[in-house]
Amino acid sequence: MQMRPVPRNIDRPNRTPEFVMTYLAVHFVIMFFTQKALVAITLGLLSVYLMYKITLDKPEGLALRLIYRNIPLGKMRPSPAVCKRLEV
């Protein structure tokens, strides 16, 4: 019996959803404020590149952890920057 070959990058983290959400968020915010498509596309691609450099060789979900830590999302739960006991 012959075993099937295993892909080399089977344990590599998949950050495609994080890259897509970063691009779309930056693109639509810039389009809403400036109405300039070329600027929105350029800044969207630049933000994806910066996120790639920041999260290189880090575990999946690092972008969401950074957002949770640095940007307050409403008044229901304070971020760890404000309330240290909720820090993971």
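Residues numbered from 1 in each chain as written. Predicted model: local features only at pLDDT ≥ 70, side-chain atom pairs only at ≥ 80, totals over all residues. Heavy atoms only, no water.

1. Topic: the packing of aromatic side chains
By convention here, two paired aromatic rings are described through the distance between centres and the angle between planes.
Line of reasoning, step 1. All told, the structure shown has two aromatic pairs when counted by the stated rule.
Line of reasoning, step 2. On the numbers, 6.3 Å between centres and 55° between planes, the contact of Phe19 with Tyr52 is tilted. Placement of the pair is Phe19 in helix H1 (residues 16–34) and Tyr52 in helix H2 (residues 37–54), with a sequence separation of 33 residues.
Line of reasoning, step 3. Overall, the relative accessible area of 22% leaves Phe19 in the partly exposed class.
Line of reasoning, step 4. Geometrically, the ring pair formed by Phe32 and Phe33 is edge-to-face, given 5.3 Å between the ring centres and 75° between the ring planes. The pair formed by Phe32 and Phe33 is uniform in burial state, with each residue classed as exposed. (Phe/Tyr/Trp six-rings, centres within 6.5 Å; stacked < 30°, edge-to-face > 60°. Helix = DSSP H or I, 4+ residues; strand = E, 2+ residues; numbered from the N terminus. Buried < 20%, exposed > 50% of the residue type's maximum accessible area, 1.4 Å probe, protein only.)

2. Some points on the environment of Ser47
Line of reasoning, step 1. Looking at the element boundaries, Ser47 is found in helix H2.
Line of reasoning, step 2. Leave out the neighbours within four places in its chain, and Ser47 touches Thr22 and Val26. (Contact = heavy atoms within 4.5 Å.)

3. Notes on the layout of surface pockets
Line of reasoning, step 1. Approximately 360 Å³ is the volume attributed to the largest pocket.
Line of reasoning, step 2. As for the largest pocket, its lining consists of 17 residues, and the residues nearest its centre are Thr22, Met51, Ala63, Leu64 and Ile67.
Line of reasoning, step 3. Those elements that provide at least two residues to the lining of the largest pocket are H1, H2 and helix H3 (62–70).
Line of reasoning, step 4. With six residues, H1 is the single largest residue contributor to the lining of the largest pocket. (1 Å grid on protein atoms, 1.4 Å probe; cavity = no way out; pocket = protein on both sides within 12 Å on 5 of 7 lines; lining within 4 Å. Points joined across faces, edges and corners; volume = space filled by probe spheres on them.)

4. Let's talk about the pattern of salt bridges
Line of reasoning, step 1. The tally for this structure, following the rule as stated, stands at one salt bridge.
Line of reasoning, step 2. Residue Arg15 is joined to Glu18 by a salt bridge in which the shortest nitrogen-to-oxygen separation is 4.0 Å. (Salt bridge = Lys/Arg side-chain N within 4 Å of Asp/Glu carboxyl O.)

5. Thoughts on the side chain of Glu18
Line of reasoning, step 1. Along the chain, the position of Glu18 falls in helix H1.
Line of reasoning, step 2. When its relative accessible area of 14% is taken as the criterion, Glu18 is described as buried.
Line of reasoning, step 3. If we skip the residues at most four places from it in the chain, Glu18 touches Met51, Glu60, Gly61, Leu62 and Ala63.

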